[in-house]
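The chain contents come next:
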Amino acid sequence: TLVLHNTHTAETVRTAYCRDGAWCSDGLAAIEHVLRDHRTGDAHPIDRNLLDLLHDVAARCDRDPEFEVLSGYRSPRTNAALHARSSGVATKSLHMQGRAIDIRLVGYDLRELCDVALGMQRGGVGYYEGSRFVHLDTGRVRTWTG
């Protein structure tokens with residue numbers, strides 16, 4: 001089960017995405033809706049490994065898996081527009097594949113969240129102190145600050 005609060009649309013989903021080793025299609029659809037590109041309305045399948053990563057990082061932090069989401073899926077059009085405004089947005093961002101998410105774990109320190117995620121060695125971890133979020137993805141293991 002995950003709880004995701006979209007900070008742009010003020011939508012929240014609290015749903016099981018997997019139960020007894022089987023994917024929950026209703027839960028996955030609800031998650032994909034809340035994590036859609038809020039600029040275009042486009043939705044995309046979200047990598048199940050990313051959902052597992054969210055669940056597992058919350059467990060390692062000894063917290064309920066409740067997240068504020070700043071960015072989930074991004075359409076190519078949105079990503080190109082963001083890249084044009086900021087060199088910190090990758091041209092081939094994993095957000096466009098449903099494999100990246102920018103989050104805060106409710107009630108948890110961002111720096112500590114970043115450190116826990118880095119220790120898991122399950123993908124990319126970016127720490128954006130000024131913007132107050134941590135980026136997680138299911139790409140190769142790497143880290144950066146923004």
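Let me begin by describing the structure that accompanies this report. The structure displayed is predicted, hence computed values, not measured ones.

### A short note on the overall build of the protein chain
Scanning the protein chain from terminus to terminus reveals 4 helices and 9 strands. Shown N-terminal to C-terminal, the secondary structure of the protein chain runs as helices and strands in the order β-β-β-β-α-α-β-α-β-α-β-β-β. Whereas a compact globule of 146 residues would reach a radius of gyration of roughly 15 Å, the protein chain reaches 14 Å, a difference of no more than 12%. Counting over 146 residues, the protein chain shows a buried share of 48%. Within the protein chain, counting contacts between residues at least 6 apart in sequence, those at least 24 apart form 56% of the total. For the protein chain, the exposed area adds up to about 7,400 Å²; of that, 46% sits on carbon and sulfur atoms. For the protein chain, the distance from the average position of its 18 positive side-chain charges to the average position of its 19 negative side-chain charges is 6 Å.

### What about the nonpolar core?
For soluble globular proteins, the rule of thumb is that nonpolar side chains tend to be buried together. Core analysis: the biggest nonpolar cluster contains 33 residues, and Leu4, Phe67, Leu113 and Leu136 have the highest contact counts within it. Not counting the four nearest positions on each side in its chain, Leu4 is found in contact with Glu11, Thr12, Val13, Ile31, Val34, Leu35, Leu54, Phe67 and Val69.

### Regarding the pairing of strand S2 (residues 12-15)
Only one face of S2 is buried: it carries Val13 and Thr15, and the other face, with Thr12 and Arg14, is open. Bridging between strand S1 (residues 2-6) and S2 involves 4 bridges; their strand directions are antiparallel. Across the sheet, Val3 pairs through a bridge with Arg14, a residue of S2. Between the end of S1 and the start of S2, which pair antiparallel, lie 5 residues, with Ala10 showing a positive phi angle near 65°.

What counts, and where the lines are drawn
Residues numbered from 1 in each chain as written. Predicted model: local features only at pLDDT ≥ 70, side-chain atom pairs only at ≥ 80, totals over all residues. Heavy atoms only, no water. Helix = DSSP H or I, 4+ residues; strand = E, 2+ residues; numbered from the N terminus. Rg over C-alpha atoms; globule rule 2.2 N^0.38 Å. Buried < 20%, exposed > 50% of the residue type's maximum accessible area, 1.4 Å probe, protein only. Contact = heavy atoms within 4.5 Å. Areas by Shrake-Rupley, 256 points an atom, 1.4 Å probe, with all protein chains shown as cover. Lys, Arg positive; Asp, Glu negative; His and termini not counted. Charge placed at Lys NZ, Arg CZ, Asp CG, Glu CD. Core = buried A, V, L, I, M, F, W, Y, C linked by side-chain atoms within 4.5 Å. Pairing = 2+ DSSP bridges.

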